[in-house]
Amino acid sequence: MTGYGIGGHVAVMDSAASSATTPRFSPDRPSGIRGGIVHDLGVAIVSGQLPPGTALQSEERFSVESNVSRGAYREAIRVLAAKGLVHSRLKSSTRVNDRSRWSLLDLDVLGWMFESGPDTAFIRSIFELRSIVEPSAAALAAVRRDSRQLARMGHALEEMGEHGLLSVAGRAADKAFHLLILDATRNEPLMTLSSSIAAAIEWTTRFARDEQQQSRDPMPDHRAVYDAFINADAARAREAMAMLIENAFADTGLMTE
């Protein structure tokens, strides 16, 4: 059996499960001990390296084999439990939850899903979510936005056009644009989804641009949404956002699969 140290092993009780392929890690993996444990276990779980029902190591064994404090491991497990990935029972081992219990819109879980190589069904489901939420949000925002929000949207588009979606700055501007739209709805329950929606947009954009090498210019779609906002035209905003999302999905190369 292999312990799960910061080097990337898997904290499982079943030796067969521990021999699975180590997931690829991102350059921005947390440097702290607890953060590293959370990240690596999270990636291992969502990638299927640790399938549902897998029992993780006890605090004592993990601490001894990985040379980290029991407290750090305990806190990491609490974080994963809060995200729905694992559950612990008194006098029993901690086990990986079924996928149906995962908080898939959690920012970390979303990142881990894309980091480990998301399946086609998951990416499709993300775009289905966007298609349900964002066009309606754009229609609301078009008539509820104020001049300050409109000016900030325009600035975000300028930054996005200048830097492009292959750059960190361009992606940040794209994220800001979509966050401003959700904020402009002035609908508090909808606004609670803003961080998750923005993260979904960022990760699907990175997938299309970095992995699929998509180079289509997204600016006309974004400007069409912005023009509808300038004219406070809810119907046009809804249609323009639906087209933006449809084209973004096409960029992933999965539309015809």
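## Here we look at the side chain of arginine 171
Okay, step 1: Along the chain, the position of arginine 171 falls in helix α7 (residues 168-184).
Okay, step 2: Here the side chain of arginine 171 touches leucine 165 through a polar contact of 2.8 Å, landing on its backbone oxygen.
Okay, step 3: Leave out the neighbours within four places in its chain, and arginine 171 touches Gly164, Leu165, Leu166, Arg206, Arg209 and Asp210.

## With respect to unusual backbone geometry
Okay, step 1: A positive phi angle, close to 60 degrees, is found at arginine 186, a residue other than glycine.
Okay, step 2: Note on placement: arginine 186 falls in the loop between α7 and α8 (188-191).
Okay, step 3: Relative accessible area serves as the criterion here: at 46%, arginine 186 is assigned to the partly exposed category.
Okay, step 4: A positive phi angle is found at alanine 232, which is not glycine, with a value near 50 degrees.
Okay, step 5: Inspection of the secondary structure assignment puts alanine 232 in the loop between α10 (219-230) and α11 (234-251).

## A word on the confidence of the model for the protein chain
Okay, step 1: Per-residue pLDDT for the protein chain averages 86, and the proportion of residues at 70 or more is 87%.
Okay, step 2: Confidence drops under a pLDDT of 50 for residues 1-9, and excluding neighbours within four residues, the segment shows 34 contacts in the predicted structure.
Okay, step 3: For the stretch residues 13-27, pLDDT sits under 50, and the model shows 31 contacts to residues farther than four places along the chain or on other chains.

## Some words on empty space enclosed by the protein
Okay, step 1: One pass over the full model with this rule turns up two cavities of 30 Å³ or more.
Okay, step 2: If you add up the space inside the largest cavity, you get close to 150 Å³.
Okay, step 3: As for the largest cavity, its lining consists of 18 residues, of which Leu165, Thr205, Arg216, Ala248 and Asp251 are closest to the centre.
Okay, step 4: Elements supplying a minimum of two residues to the lining of the largest cavity: α5 (120-144), α7, α9 (194-211), α10 and α11.
Okay, step 5: Here the residues of the lining of the largest cavity sort into eight nonpolar, four polar and six charged.
Okay, step 6: When its volume is computed, the second largest cavity comes out at roughly 40 Å³.
Okay, step 7: If you go around the second largest cavity, the residues you meet are Glu134, Ala137, His178, Ile181, Leu182, Ile197, Ile201 and Met241.
Okay, step 8: Of all the elements in the fold, those that place two or more residues in the lining of the second largest cavity are α5, α7 and α9.

Reading guide: rules and limits
- Residues numbered from 1 in each chain as written.
- Predicted model: local features only at pLDDT ≥ 70, side-chain atom pairs only at ≥ 80, totals over all residues.
- Heavy atoms only, no water.
- Helix = DSSP H or I, 4+ residues; strand = E, 2+ residues; numbered from the N terminus.
- Polar contact = N/O pair within 3.5 Å; in protein donor to acceptor, adjacent residues only side chain to side chain.
- Contact = heavy atoms within 4.5 Å.
- Buried < 20%, exposed > 50% of the residue type's maximum accessible area, 1.4 Å probe, protein only.
- pLDDT = per-residue confidence, 0-100.
- 1 Å grid on protein atoms, 1.4 Å probe; cavity = no way out; pocket = protein on both sides within 12 Å on 5 of 7 lines; lining within 4 Å.
- Points joined across faces, edges and corners; volume = space filled by probe spheres on them.
- Nonpolar A, V, L, I, M, F, W, Y, C, P; charged D, E, K, R; others polar.

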